[in-house]
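Residue-level listing of the chains:
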Amino acid sequence: MVLEGDVLTHLIDVEHEASLLILEAQKESDKRLAAARAKADSDFSEKFCKIQEELAAQKTASENKIIEDYNNTFEKFKKDLEGIPQDVQALNKALENYFFNSNA
């Protein structure tokens, strides 16, 4: 009977040690998962910010190009208009015919 008690006590001690090992393993696992998650979050944040900065620079460059193209086109349009001779007499005649000689 004493031998059986020693065996049972030993088995309970082994089970207790196994339980402690499992608890320690779980704690270590939780710690490693938390560290991996923190690193992944940090890496994501870093890459996200880098991409965001690149896109902002591209947007600014595109906007500047559009503004430059618009200004160049508008300046060309103004020069083209300046190059057209103005015939004030013909305009006055057309307006006079339109407003005063119409058959309305």
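Residues numbered from 1 in each chain as written. Predicted model: local features only at pLDDT ≥ 70, side-chain atom pairs only at ≥ 80, totals over all residues. Heavy atoms only, no water.

Engineer: So, the overall build of the chain: which residues are in play, and what are the values?
Structural biologist: A tally of helices and strands in the chain yields two helices and zero strands. Its C-alpha atoms give the chain a radius of gyration of 43 Å, more than 25% over the compact-globule value 13 Å for 104 residues. Projecting the C-alpha coordinates of the chain onto the three principal axes gives extents of approximately 135 × 35 × 10 Å. Burial statistics for the chain: of 104 residues in total, 0% are counted as buried. Surface exposure of the chain reaches about 10100 Å², of which carbon and sulfur atoms provide 61%. Across the chain, 13 positive and 21 negative side-chain charges occur, with their mean positions spaced 11 Å apart. (Helix = DSSP H or I, 4+ residues; strand = E, 2+ residues; numbered from the N terminus. Rg over C-alpha atoms; globule rule 2.2 N^0.38 Å. Buried < 20%, exposed > 50% of the residue type's maximum accessible area, 1.4 Å probe, protein only. Areas by Shrake-Rupley, 256 points an atom, 1.4 Å probe, with all protein chains shown as cover. Lys, Arg positive; Asp, Glu negative; His and termini not counted. Charge placed at Lys NZ, Arg CZ, Asp CG, Glu CD.)

Engineer: Describe the packing of aromatic side chains, naming the residues involved and giving the relevant values.
Structural biologist: Overall, the coordinates contain three aromatic pairs when judged by the stated rule. Between phenylalanine 44 and phenylalanine 48, the aromatic rings sit 5.9 Å apart at their centres with planes inclined by 25°, giving stacked as the arrangement. Taken together, the positions of phenylalanine 44 and phenylalanine 48, both in helix α1 (residues 2–83) and four residues apart, correspond to about one turn of that helix. Given a relative accessible area of 45%, phenylalanine 48 falls into the partly exposed group. Here the aromatic rings of tyrosine 70 and phenylalanine 74 are separated by 6.0 Å at their centres, their planes lie at 10°, and the arrangement is stacked. Linking tyrosine 70 with phenylalanine 74, this pair stays in helix α1, spanning four residues, or about one helical turn. When its relative accessible area of 53% is taken as the criterion, tyrosine 70 is described as exposed. (Phe/Tyr/Trp six-rings, centres within 6.5 Å; stacked < 30°, edge-to-face > 60°.)

Engineer: Hey, could you go over the pattern of salt bridges for me, with residue numbers and the actual values?
Structural biologist: The tally for this structure, following the rule as stated, stands at seven salt bridges. Here the residues in one salt-bridge network are Glu28, Lys31 and Arg32, joined through shared partners. (Salt bridge = Lys/Arg side-chain N within 4 Å of Asp/Glu carboxyl O.)

It is worth stressing that arrangement in space is one thing and function is another; only the former is reported here.
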